[in-house]
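Letter by letter, the chains look like this.
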Amino acid sequence: MNERIRAKEVRLIDQNGENKGVVPTVKALQLAYDADLDLVLINPNQDPPVAKILNYGKYKYELEKRAKEAKKKQHTVDVKEIKIRYKIDTHDYQVRIKSIEKFIAQGNKVKIVVMLRGREMQHSNLAFDLANRFVADLSEMPVVIEKKPQLEGRNVTLYIAPQA
């Protein structure tokens, strides 16, 4: 490691995890050298800084392993999009409801887009009715309406999220 310890004294923890108290940095480096290990700053912000005698390669590997484990357990919330037309058939509607329930159960947010084409813009009230029907049918589920149905360009959009 290229980084040097600039402090005159460090609070030393040896390779066995025992606290050796505050010792001069030169002595700490010598102890690490004698043990054929490295002197690593654990907490440089304290006064005096905390240093530990350990195998730096192994320490770095353990840190990376822990970070990878934490990343594995982390769940990113995706926004799943359901696109439909306001003239949707009842069976197709039920299929969309089931897929929305599945997405919510997985912990994802859902964006429902009711598309309007051409002259269908004159019937935007039917698209709002369909969006509100989704809200009513999903009311038994633990969901939160993040954004009420609103017209965005040629589409009526609605955002639903799982309850926290």
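These lines cover the structure that appears in this document, whether it is placed above or below. (Residues numbered from 1 in each chain as written. Predicted model: local features only at pLDDT ≥ 70, side-chain atom pairs only at ≥ 80, totals over all residues. Heavy atoms only, no water.)

**Remarks on the overall build of the protein chain**
What the protein chain contains, in helices and strands, is four helices and eight strands. Listed N to C, the secondary structure of the protein chain is β-β-α-β-β-α-β-α-β-α-β-β in terms of helices and strands. For a compact globule of 164 residues, the expected C-alpha radius of gyration is about 15 Å, and the protein chain comes in at 30 Å, more than 25% above that figure. Its C-alpha atoms give the protein chain principal-axis dimensions of roughly 85 × 25 × 25 Å. (Helix = DSSP H or I, 4+ residues; strand = E, 2+ residues; numbered from the N terminus. Rg over C-alpha atoms; globule rule 2.2 N^0.38 Å.)

**Quick look at the nonpolar core**
Counting residues in each nonpolar core, the largest one holds 22 residues, and the members touching the most others are Ile100, Ile112 and Phe134. Sorting elements by how many residues they give to this core places helix α3 (residues 90–105) first, with five residues. In this structure Phe134 touches Ile84, Tyr93, Arg96, Ile97, Ile100, Ile112 and Leu158, once residues within four positions along its chain are discounted. Listed in part, the nine residues of the second largest apolar core include Leu12, Val23, Leu39 and Ala51. (Core = buried A, V, L, I, M, F, W, Y, C linked by side-chain atoms within 4.5 Å. Buried < 20%, exposed > 50% of the residue type's maximum accessible area, 1.4 Å probe, protein only. Contact = heavy atoms within 4.5 Å.)

**Observations regarding the packing of aromatic side chains**
This structure, assessed with the given rule, holds two aromatic pairs. Consider the rings of Tyr56 and Tyr59, whose centres lie 6.3 Å apart with planes at 40°: the pair is tilted. Taken together, the residues span about one helical turn, with Tyr56 and Tyr59 both in helix α2 (residues 56–73) at a distance of three residues. Take Tyr56: its relative accessible area is 26%, and that puts it in the partly exposed class. Taking the centre distance of 4.8 Å and the plane angle of 45° together, the rings of Tyr93 and Phe134 count as tilted. Separated by 41 residues along the polypeptide, Tyr93 in helix α3 and Phe134 in helix α4 (residues 124–137) bring together distant segments of the chain. Judged by its relative accessible area of 1%, Tyr93 falls in the buried class. The buried category is assigned to Phe134, whose relative accessible area is 0%. (Phe/Tyr/Trp six-rings, centres within 6.5 Å; stacked < 30°, edge-to-face > 60°.)

**What about α3?**
Between its first and last C-alpha atoms α3 spans 23 Å; for 16 residues at 1.5 Å apiece the expected length is 22 Å, and the two agree. Considering only its buried residues, α3 is in contact with β5 (79–85), β6 (109–115), α4, β7 (143–152) and β8 (155–162). Phi for Gly107, located one or two positions after α3, is positive at around 90°. (Expected span 1.5 Å × (residues − 1).)

**Some points on the sheet that holds strand β2 (residues 19–24)**
Here four strands make up an open sheet; going across it, the order is β2-β1-β4-β3 and the pairing mixed. Since the sheet does not close on itself, it has two edges, and those belong to β2 and β3 (38–43), each with one partner. On average, each strand axis in the sheet is tilted by 35° relative to the strand beside it, whichever way the strands run. In this sheet, β2 lies alongside strand β1 (residues 9–13) in antiparallel orientation, the contact comprising five bridges. Each bridged residue has a counterpart across the sheet, and for Arg11 the counterpart in β2 is Val22. Where helix α1 (residues 25–34) meets the sheet, its contacts fall on β1, β2, β3 and β4 (50–54), and the angle it forms with β2 comes to roughly 125°. (Pairing = 2+ DSSP bridges. Axes fitted to C-alpha atoms, helices over the stretch in contact; angles between N-to-C directions.)

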